[in-house]
Structures are given as C-alpha cells and as structure tokens.
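Overview (structure and organization)
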Amino acid sequence: MTRLKKTILGFDREINILANRLCNNDLPNCLILSGPKEEELKIIALNLASSLVKKQNFNSVDEACLSLRNIEDYTNPYILLIEKIWLEDKKKYKKKIFREDISYILDFFSTKDEVNQKRVCLINSLDDLSKDAVNSLLKIVEEPNNNSHFILINHKEVATVPTIKSRSHIVKFKYHRQEEFIKIIENYYPQMENKEIKNLFNLSKGSINFVKKYLEYNFKDMDSHLTSVLRNSKNIKPNTVFYYIDFVKKYSDKDEVIETFFDFISLKINETTINACKENNVGLINKLSKYYSFLLNLREKYFIYNLNFDHTLITYFYFIKNV
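Here the structure is a predicted model, which means the values were calculated and not measured.

Considerations on the packing of aromatic side chains
This structure, assessed with the given rule, holds 27 aromatic pairs. With centroids separated by 5.3 Å and ring planes inclined at 20°, the aromatic side chains of F219 and F264 adopt a geometry described as stacked. Here F219 is found in the loop between α9 (208–216) and α10 (223–231), whereas its partner F264 is found in helix α12 (residues 255–278), with 45 residues between them in sequence. Across the pair, F264 and F219 agree in class, each one buried.

So, the packing of helix α2 (residues 39–54) against helix α3 (residues 61–69)
The geometry of α2 relative to α3 is characterised by a closest axis approach of 7 Å and an angle of 125° between their N-to-C directions. Relative to α3, the element α2 lies oblique. When α2 is examined against α3, the residues I44, N47, L48 and S51 are found in contact with a partner set consisting of S67, L68 and R69. Residue classes in the contact of α2 with α3 are distributed as three nonpolar, three polar and one charged.

Things to note about a positive patch on the surface
On the surface, K234, K237, K287, K290 and K321 cluster together into a positively charged patch. Along the chain, the position of K321 falls in helix α14 (residues 309–322).

What about the side chain of S233?
Mapping S233 onto the fold places it in the loop between α10 and α11 (240–251). Each residue touching S233, except ones within four places of it in the same chain, is listed here: Y291, I320 and K321.

Comments concerning the sheet that holds strand β6 (residues 148–154)
With parallel pairing, five strands are arranged side by side in an open sheet as β2-β5-β6-β1-β7. A single partner strand is all that each edge strand has here, and the edge strands are β2 (79–83) and β7 (169–172). Direction aside, the axes of adjacent strands within the sheet are offset by 15° on average. Of the strand pairs in this sheet, strand β1 (residues 30–34) and β7 are connected by four bridges, and their pairing is parallel. Across the sheet, the residue bridging to S34 is K172, located in β7. Along the sheet face, helix α1 (residues 12–23) touches β1 and β7 and points at about 145° away from the line of β7.

Considering the state of the cysteines
Overall, the coordinates contain zero disulfides when judged by the stated rule. We note that C121 lacks a disulfide partner, and the nearest cysteine sulfur, in C30, lies 9.4 Å from it. By relative accessible area, which is 0% here, C121 ends up buried.

Notes on α10
Among the residues of α10, D223, L226, V229 and L230 are the ones counted as buried. The buried residues of α10 occupy one face: seen down the axis, they fall within an arc of 125°. Against α8 (194–204), α9, α11, α12, α13 (282–305) and α14 lie the buried residues of α10.

Thoughts on the pattern of salt bridges
Between side chains of opposite charge, a pair can form when the charged atoms approach closely. Within this structure, the stated rule accounts for 16 salt bridges. Salt-bridge contacts for D255 lead to K95; the nearest nitrogen and oxygen are separated by 3.4 Å. Within this pair, whereas D255 is found in helix α12, its partner K95 is found in the loop between β4 (92–93) and α4 (105–110), the two being separated by 160 residues in sequence. On the accessibility criterion, D255 (14% relative accessible area) is buried. We classify K95 as partly exposed; its relative accessible area is 25%. E256 is the partner of K213 in a salt bridge, and the nearest nitrogen-oxygen pair spans 3.8 Å. One end of the pair, K213, is in helix α9; the other, E256, is in helix α12, with 43 residues separating them in the sequence. Judged by relative accessible area, E256 falls into the partly exposed class, the value being 42%. Among the charged side chains, a network of salt bridges with common partners joins K37, E259, D263 and R299.

A word on unusual backbone geometry
Put simply, N124 and S125 share a cis peptide bond, and its omega is 15°. Positionally, S125 belongs in the loop between β5 (119–124) and α5 (131–141). Backbone geometry at F11 places phi at a positive 55°, although glycine is not the residue there. For F11, the location among the structural elements is in the segment before α1. Of note in this structure, N306 is not a glycine but carries a positive phi near 55°. Summarising the element assignment, N306 is placed in the loop between α13 and α14. A relative accessible area of 45% means that N306 is categorised as partly exposed.

Reading guide: rules and limits
Residues numbered from 1 in each chain as written. Predicted model: local features only at pLDDT ≥ 70, side-chain atom pairs only at ≥ 80, totals over all residues. Heavy atoms only, no water. Phe/Tyr/Trp six-rings, centres within 6.5 Å; stacked < 30°, edge-to-face > 60°. Helix = DSSP H or I, 4+ residues; strand = E, 2+ residues; numbered from the N terminus. Buried < 20%, exposed > 50% of the residue type's maximum accessible area, 1.4 Å probe, protein only. Axes fitted to C-alpha atoms, helices over the stretch in contact; angles between N-to-C directions. Parallel < 35°, antiparallel > 145°, perpendicular 65-115°, else oblique. Contact = heavy atoms within 4.5 Å. Nonpolar A, V, L, I, M, F, W, Y, C, P; charged D, E, K, R; others polar. Patch = residues over 30% accessible without salt bridge, like charges linked within 9 Å, V, L, I, M, F, W, Y side chains within 5 Å. Areas by Shrake-Rupley, 256 points an atom, 1.4 Å probe, with all protein chains shown as cover. Salt bridge = Lys/Arg side-chain N within 4 Å of Asp/Glu carboxyl O. Lys, Arg positive; Asp, Glu negative; His and termini not counted. Charge placed at Lys NZ, Arg CZ, Asp CG, Glu CD. Pairing = 2+ DSSP bridges. Disulfide = S-S within 2.5 Å. Arc of directions from axis to C-beta.

Quick look at the structure:
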C-alpha cells in the first residue's frame, strides 16, 4: 500500500479554518471534525491536539497550516486517543467503543499536573460509540473546564448525537474536488494515466482512502465483471459468488478488507445507476435501488452480529439473482 507522504495534501479550506482558530486562541472545548472516512482526519486532529497541549504560538496562519499538515509519529501524555480496541486473540477490532472503553476519560482530565496544562481527548470516531458510551461521553462533555478539550471525529452525519452536536463546534470536511483529487493521486501514483485517475474520481466520489485500498486489494480486477453483474443478473453463474469470496479472502478476512469490499459494491451501484439514468433505463434504476438498500441492511447486520462473510455474500448474490 502506498503510504501517506510527509505532508497532508488537500483540505485547504478546512485546514485554514482550524489554523485561524489556533492563531486566535479560539478553539472550543469540544470540536467535531466531520467528513469522509479519510486517515488524514485523524492526523489533522492529532496535530491540532499537539498544538493545544504544547501551547504553540504561530507567527502566521500559513505557519499554523503547515503544522496541521505535518505527518509524524509521536505520543504525548496530555493527549488521550480513543479508538476501537484491537482484540489480539480474535485478530480483529471490537465492534464498538463501549462505556468501559471510555471510563478513564474523567481520570485523564482530573490528573494533577502543572498549572494551566491543557489536555485533549481525541475520539476516532463518534460513529463507533455504543449507546451507553454516548451517554457517558455526554455527561463529561457537558461540564468541561478551560483546559479540557475534546476533538471528536465523525463520518456519518446521522451518527452525530444532537446533544453532543449542540455543545460542539463543527468543521465539515468535504470530499476532494476533481482538480485537488488529481493532484493528490498524481503525487502518490506518478505513473498513473490521467484517464484512469478521472475514472477513479468518478467511482470513489473523491475519496483518496478508498482509492488506496481499491488499488492495494486489486479490486479493479473485478471492476468490469461486477458492472456486468449489476447490469444483468443473468451474468451470475453458479460459481460467481465463490469467485468473489476467494478473491476477497486472498488478501485477508479482516474487517478492513471486507468493509472496503462493501464500499466497492456500493460505489459500483452508484456508478452504474448514474449510467442507467443517462440511458433512461428505468427498469435497471429500480433494480439498482433495491440492490443498494439490501446491501446497506446486510452490511449493517454483518458487522453488528459478526455474521459469516461467505454466507453474507451468498445471500446478497442470491438476492440480486432473484430481484
């Protein structure tokens, strides 16, 4: 997989907003970074937290922007990062961030240290919080002191709890525009042709994170075949689903690969629907709408109830075959 360069590219508008707040010492106690599921959001949040706890002073907004774009590995005792916990015995992440996983936030903020030392709790992401964890978090967010800060990342607008949202300032990150997307992909993959980059932009809706995984797991090798299946279910043969199962498991049966695969199907349905609209193919549009709704429902059940991937995919292809 192609790794991030030493500087984050893109998100000019969003980073400029945060840099201005840093320069003016105007960061709220609870800040939500809301946007696409891109790894850059976590890095920007960590850089922001680092600037807060170090009480950095910047000579200009441009200098603050550069600081937020830096990519470096560091730890800081005044920054608490909360994410889904890796279960070594099961070789996978916990399905959710539960109340017990955030129980030490209060202790973190109440620890005695030097006067006026800022502390930052970074949660990546709100989407992963269980209901009991959300309720616990709300009680803490309601009564912050001047030196206690939360930086919360979320990717789904509907997952933002209204009560937490009302106590927070939100900076919305948007998917990369085409011009910005092309520059970033050219930076990561200098040998890639412009036509392929534009095709990836149309497929991914501007998500760099998806493109990296799409290329890493070679999903492009099944791209045209999946399109043919979505356009005509008669192209599903008895061994088709097992071909897809084997293809995915060739890389890994980890949640990250399977989640990207679900994203891939979802985006291919979207792409195929756009083409069907251009063709005024109402019958296909209606079928694709059903494929999409069923996929979302099946995907949610897969991750919540820890379903078997083979059975899940067999169920989905059976559905497509019989709509």
